[in-house]
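Geometric and topological summary
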Amino acid sequence: MTSLARTEPPPEVGHVRSRAPVAGGRVDPDAATALALLNCAVRELCAPEQQVRVADGHLMARLPRVGVTLRARLRRPPLMSPRLAGPIEERRGGWTAVDWRRLADLIAGELELTTGTVNPEFAAQVAASRDAMELIGRRRRAGDADPFLASEQSLVAGHRFHPSPKARQGADWPAYAPELGARFPLRWLAVRADAVVEEGDVSVLDRLGPPVRDGYRVLPAHPWQLDLLRPESDAIVDLGPYGPEAVPTSSVRTVYVPDAFLKFSLDVRITNCVRKNAWYELSGAVALTRALRPVFDELACALLAEPGYRTVSVGGTRLREGLGVIVREGVRGLPGTPLLAAAIADPDGAGPAAVSRLLGDGAAPERVLAWWDAYVGHVVPPVLHAYLRHGVVLEPHLQNVLIAVDDEGTPVRAVFRDLEGTKLLHRPWESFLADLPGPVASALTYDPERGWNRVVYCLFVNHLAEVAATLADHHPSMEPALWRVVRRHVVRCAGDTPADTDGAARLRALLAGVPLPAKANLRTRWARDPDRQAAYVPVPNPLAEDLA
Ligand SMILES: Nc1ncnc2c1ncn2[C@@H]1O[C@H](COP(=O)(O)OP(=O)(O)OP(=O)(O)O)[C@@H](O)[C@H]1O
Ligand SMILES: [Mg+2]
């Protein structure tokens, strides 16, 4: 890991380090925005109504209520979600190119007619995301020298199935944007001891923070958050910026300091949610860490646990949640070099996490299959066993998983993080949950059906399908073979699961090819629903024997 030097006196808050002008992973913001919109429309509006067909190397997709047919180039025959490429065209007599603005209009029209509701914010969110991508493209510099941090800061286009993947509220975000290589010292507060609330192990905060007088404890704050929150209380003293530079990770609000992550409230909307640590989530993270330690001892993977939090008791919920910081374990003890899975899946990815770099240029098919077998073998069994054997619902989407690779670039360990999306099933955890305060317990409980949907979506649709698709961009004829590898690992998990259990039946359905659930980000944004209530739509399941 890069060692981040202590800076005293600290440099200006929020400065963006300038580096050599090598902008890996160039992305055209107009094209990327249009493609993300079309991906969402095909998945959530056209396919569920059987309005999609393949013709002449193109995917034709009709928006049924506005009665408009679109098409885009199809890079190869689709197994799950079609891999599309521009130009995107609309049938008007002949074919006419459509840009992201027109596409956003058409999709908004379709959503109005489909749902009977309006969303006056939608167009602005799409435009804000597009503008953010453009600014990132203009100001981006070479990635961090540390491969892990470079991967965290490399997601220029972001989520491929989100209508506004880079939307961030307000104008201040560039100073804190991971994609711009931001680093900044944290702001530190001294909080009177009687106004501190904390649980678990937060010793890293005391180690990193400035010395404070007796009767006070340090509390770090994200500078953006502090500007928005302006906490006023006689129990809180602002000590200003201090200490090592923090590096924002791909979630923006979680930062890396050596060697831990700190997850802050920002109270800013980033893609789906206004990012805030609710008080019951602070407590829930620490409780989950307690519950998950023995579970992960039995799984062949790593967990970045969240052993503690600290916040204030003054200023009501606003400050208690607004200033709450969760401590997450760092990455130094991991074998190999950790890389963010989303960076590996990024088809425009450059730098240390690019699949061409990990596999070696022009890798032979056997190398690709062996690499993928290692990848899937590290990711799939722990996620399925966590659910099937332990009643633990992980959220292994591309941004919540790190893949540690050895010197040859081969995966040697999967690392799971983000306890906010990690849930427990009621049955095996009944007595554990009963000992927690009601709101804490209910926020971290899922029913089995929703939990399974979440696992299957995150693991297969959000995560593995995207990495497989990026591998197949380099080796187009291999996609069916890649899915056969996934199938083999699921079959093995099924073999380890007692046949008469619900879990085994779920796996049999998966292997028989029942459609997979895909999170409907477009519909969820349109409805302005919280992420927790997100709708799902079915997508083809490439695990079925005849397909794979
Ligand atoms: N394929 C993807 N799936 C999910 N999120 C993605 C993906 N690609 C990029 N992202 C981005 O990653 C972020 C994931 O948010 P998530 O809710 O997991 O993070 P968080 O809880 O705020 O922070 P942390 O992950 O550090 O706990 C979002 O900003 C999302 O847009
Ligand atoms: Mg996350």
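Everything below is about the structure shown above.
In what follows, the accompanying structure is described. What you see is a predicted model; the values in this text were computed from it and never measured.

As a further point, take the site of ligand 1. Around ligand 1, the structure places 16 residues, and the nearest of them are Arg253, Thr254, Lys263, Arg275 and Arg328. In the environment of ligand 1, a nitrogen atom lies 3.4 Å from a nitrogen or oxygen atom belonging to the side chain of His159. At a separation of 3.1 Å, an oxygen atom of ligand 1 approaches a polar side-chain atom of Ser251. In the complex, 89% of the free accessible area of ligand 1, which totals 630 Å², lies under the protein chains. Split into classes, the residues belonging to the shell around ligand 1 amount to 2 nonpolar, 8 polar and 6 charged. Counting the residues that make up the shell around ligand 1, at least three belong to each of domain 1 (170-329) and domain 2 (337-512).

What follows covers the sheet that holds strand β20 (residues 411-416). Pairing between the strands of a sheet is mediated by backbone hydrogen bonds and can be parallel or antiparallel. Strands sit in the order β14-β20-β19-β17 across an open sheet of 4 strands; the sheet is mixed. With partners counted over all chains shown, the strands left at the sheet margins are β14 (302-303) and β17 (337-340), one partner each. Where strand β19 (residues 401-405) and β20 come together, 5 bridges link them in antiparallel fashion. When the sheet's bridge partners are listed, Val405 is paired in β20 with Pro411.

Further remarks concern the sheet that holds strand β4 (residues 84-92). If you trace the 5 strands from one edge of the open sheet to the other, you get β1-β2-β3-β4-β5, paired in antiparallel fashion. The open sheet is flanked by β1 (52-55) and β5 (94-97), the only strands paired with a single partner. Across the sheet, the mean angle from the axis of one strand to that of its neighbour is 35°, orientation sign disregarded. One ladder, built from 6 bridges, connects strand β2 (residues 58-63) with strand β3 (residues 68-74); its direction is antiparallel. Residue Arg62 lies in a different strand from β3, and its bridge partner there is Thr69. Of the strands in this sheet, β1, β2, β3 and β4 touch helix α1 (residues 29-46), which is tilted by about 65° from β4.

To continue, consider the environment of Val212. Its place among the elements puts Val212 in the loop between α5 (203-208) and β8 (216-221). Along the sequence, Val212 and Leu59 sit 153 residues apart, while their C-alpha atoms lie 63 Å from each other.

Okay, the pattern of salt bridges next. Where side chains of opposite charge bring their charged atoms close, a pairing between them can arise. Applying the stated rule across the entire model yields 39 salt bridges. Across the salt bridge formed by Arg506 and Glu449, the nearest N and O atoms sit 3.2 Å from each other. Pair noted here: Arg506 is in helix α16 (residues 502-512) and Glu449 is in helix α14 (residues 448-474), with a separation of 57 residues, a long-range link. Look at Arg506 and you get buried, because its relative accessible area is 18%. Through salt bridges that share partners, Arg75, Arg76, Arg83, Glu466, Asp473 and Glu479 make up one connected network.

Ile344, Trp372, Tyr375, Leu384 and Phe460 are the most contacted members of the largest nonpolar core, which totals 97 residues. Counting residues per element, this core draws most heavily on α14, which supplies 13 residues. A domain-level breakdown of this core finds at least three residues from each of domain 1 (170-329) and domain 2 (337-512). Not counting chain neighbours up to four residues away, the residues in contact with Ile344 comprise Leu339, Ala353, Val355, Leu358, Trp371, Tyr375, Ile403, Val467 and Thr470.

So, on to the pairing of β2. With 5 of its 6 residues buried, β2 lies for the most part within the structure. Of the pairings in the sheet, the one linking β1 to β2 comprises 4 bridges and is antiparallel in character. Across the sheet, the residue bridging to Val52 is Ala61, located in β2. In this antiparallel pair of consecutive strands, β1 and β2, the connection spans 2 residues, and Asp56 shows a positive phi of 50°. Counting the residues in the hairpin turn of β2 and β3 gives 4 residues, including Gly67, whose phi is positive at 65°.

Cut-offs used in this document
Residues numbered from 1 in each chain as written. Chains lettered and ligands numbered in written order. Predicted model: local features only at pLDDT ≥ 70, side-chain atom pairs only at ≥ 80, totals over all residues. Heavy atoms only, no water. Near = heavy atom within 4 Å. Polar contact = N/O pair within 3.5 Å; in protein donor to acceptor, adjacent residues only side chain to side chain. Areas by Shrake-Rupley, 256 points an atom, 1.4 Å probe, with all protein chains shown as cover. Nonpolar A, V, L, I, M, F, W, Y, C, P; charged D, E, K, R; others polar. Domains from an automatic or database assignment. Pairing = 2+ DSSP bridges. Helix = DSSP H or I, 4+ residues; strand = E, 2+ residues; numbered from the N terminus. Axes fitted to C-alpha atoms, helices over the stretch in contact; angles between N-to-C directions. Contact = heavy atoms within 4.5 Å. Salt bridge = Lys/Arg side-chain N within 4 Å of Asp/Glu carboxyl O. Buried < 20%, exposed > 50% of the residue type's maximum accessible area, 1.4 Å probe, protein only. Core = buried A, V, L, I, M, F, W, Y, C linked by side-chain atoms within 4.5 Å.

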